[in-house]
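# A closer look at the structure
Next come the chains, spelled out residue by residue.
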Amino acid sequence: MKVLLIEDDELLGKSLQRGFDEQGFDCVWCARGMDAIEELNQGSFDALVLDLMLEDMNGLNVLTELRQRGSSVPVLVLTALGSVEERVRGLNSGADDYLVKPFAFAELVARLHAVVRRTALPQKAATELIAGPLTLDITTRCARRDGCEIELTTTEYKLLEFLIRNSEQPVTRRMLCEHLWDANWEGVTNVIEVHINRLRAKIDRGFRQQLIQTVRGIGYAYRTK
């Protein structure tokens, strides 16, 4: 994965670039918005990690220019600006995800994988998501595994769809909470675990292959490998 990191804090920029390189990414780091635009003019990237408070320009200007070109490259905003209004502004400007500082590097990597893989899932007739032995019908909101139909509640469906769309990659409890309820996950005790356990009971019980797996220290992952 080739990543363009746009971060004006030198210490954080170097640290993130080193971390991405250790994860096997090809990371180009820019400290200025104009340098980032020049990099975008010269080559293509699989994803952007974008700080909003740059010394020479607002990061949203970089994002706006990128989208005005018609580029659909995934953009993950990484910023200290964490109010609801600021997150909405970033997402409405074309960001695919929004992570507030301070953050855990493992979550940043998980979110980055998620936005890149989001459109890569095989589909059937544009109404079904197929992930290993399980098929999710996005019209009826029912699942099928090995020919057996599984009825899901609204929350279970949203949870399973999110996991499948991020198939093979871990997603954090924060990501699940924000997706399900647009809420701050620190204020939720074990509600995510309760819904995960109920979903597992429906799609994994009785099968040798467990599709929903716990990723220690991070969250959960839907895996077929």
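Note: the structure precedes this text.
Because the structure is a prediction, the values reported are computed rather than measured. (Residues numbered from 1 in each chain as written. Predicted model: local features only at pLDDT ≥ 70, side-chain atom pairs only at ≥ 80, totals over all residues. Heavy atoms only, no water.)

### Quick notes on a negative patch on the surface
Going by this rule: Residues enter a patch when their relative accessible area is above 30% and they make no salt bridge; the linking distance is 9 Å between like charges and 5 Å between nonpolar side chains (Val, Leu, Ile, Met, Phe, Trp, Tyr). With residues, only the protein chains shown are counted as cover, and all accessible areas are computed by Shrake-Rupley using a 1.4 Å probe. For this document, the term salt bridge refers to a Lys or Arg side-chain nitrogen within 4 Å of an Asp or Glu carboxyl oxygen. When charges are counted, Lys and Arg are positive and Asp and Glu negative, with His and the chain ends excluded. Where a charge lies is defined by one atom per residue type: Lys uses NZ, Arg uses CZ, Asp uses CG and Glu uses CD. Numbering of helices and strands starts at the N terminus; helices are DSSP runs of H or I of at least 4 residues and strands are runs of E of at least 2.
A cluster of like negative charges, contributed by Asp 21, Glu 22, Asp 26 and Asp 46, occupies part of the molecular surface. When you line up the elements, Asp 46 lands in the loop between α2 (33-42) and β3 (47-50).

### Concerning the side chain of Asn 166
Note the threshold: Contacts: residue pairs with any heavy atoms within 4.5 Å of one another.
Structurally, Asn 166 can be placed in the loop between α6 (154-165) and β11 (171-172). Among residues more than four places away in sequence, those in contact with Asn 166 are Ala 114, Arg 118 and Val 171.

### Focus on α2
Because an α-helix packs 3.6 residues into every turn, residues spaced three or four apart end up facing the same way. Rules: Exposed residues in this analysis have more than 50% of their type's maximum accessible area, buried residues have under 20%, and partly exposed residues fall in between, with area computed by a 1.4 Å probe over protein chains only. Note that the arc is computed from the directions linking the helix axis to the C-beta atoms.
Those residues of α2 that fall on the buried side of the exposure criterion are Gly 33, Ala 36, Ile 37 and Leu 40. Down the axis of α2, the sector holding all buried residues measures 100°, keeping them to one side.

### Thoughts on the pattern of salt bridges
If you walk through the whole model with that rule in mind, you get 15 salt bridges. Here Glu 107 ties to Arg 111 by a salt bridge, and the two come within 2.9 Å at their closest N and O atoms. With Glu 107 and Arg 111 both in helix α5 (residues 105-117) and four residues apart, this pair spans about one turn of that helix. Among the residues examined, Glu 107 registers a relative accessible area of 8% and is labelled buried. Accessibility expressed as a relative area gives 2% for Arg 111, which makes it buried. Between Arg 174 and Glu 107 there is a salt bridge, with its nearest N and O atoms 3.3 Å apart. Here Glu 107 lies in helix α5 and Arg 174 lies in helix α7 (residues 173-181), a separation of 67 residues in the sequence. Look at Arg 174 and you get partly exposed, because its relative accessible area is 22%. One connected set of salt bridges, linked through shared partners, spans Asp 97, Glu 107, Arg 111, Arg 174 and Glu 178.

### Brief notes about the state of the cysteines
As a reminder of what qualifies: We call a pair of cysteine sulfur atoms a disulfide whenever their separation is within 2.5 Å.
Under the criterion given, the structure shown has zero disulfides. We note that Cys 30 lacks a disulfide partner, and the nearest cysteine sulfur, in Cys 27, lies 9.2 Å from it. Cys 142 takes part in no disulfide bond, and the closest cysteine sulfur to it belongs to Cys 148, at a distance of 13 Å.

### Observations concerning the environment of Leu 50
As for its position among the elements, Leu 50 is in strand β3. Owing to a relative accessible area of 1%, Leu 50 belongs among the buried residues under this scheme. For the pair Leu 50 and Glu 7, spaced 43 residues apart in the sequence, the C-alpha separation amounts to 6.6 Å. Discounting residues that sit within four places of it in the chain, Leu 50 has contacts with Ile 6, Gly 59, Val 62, Leu 63, Val 75, Leu 76, Val 77 and Leu 78.

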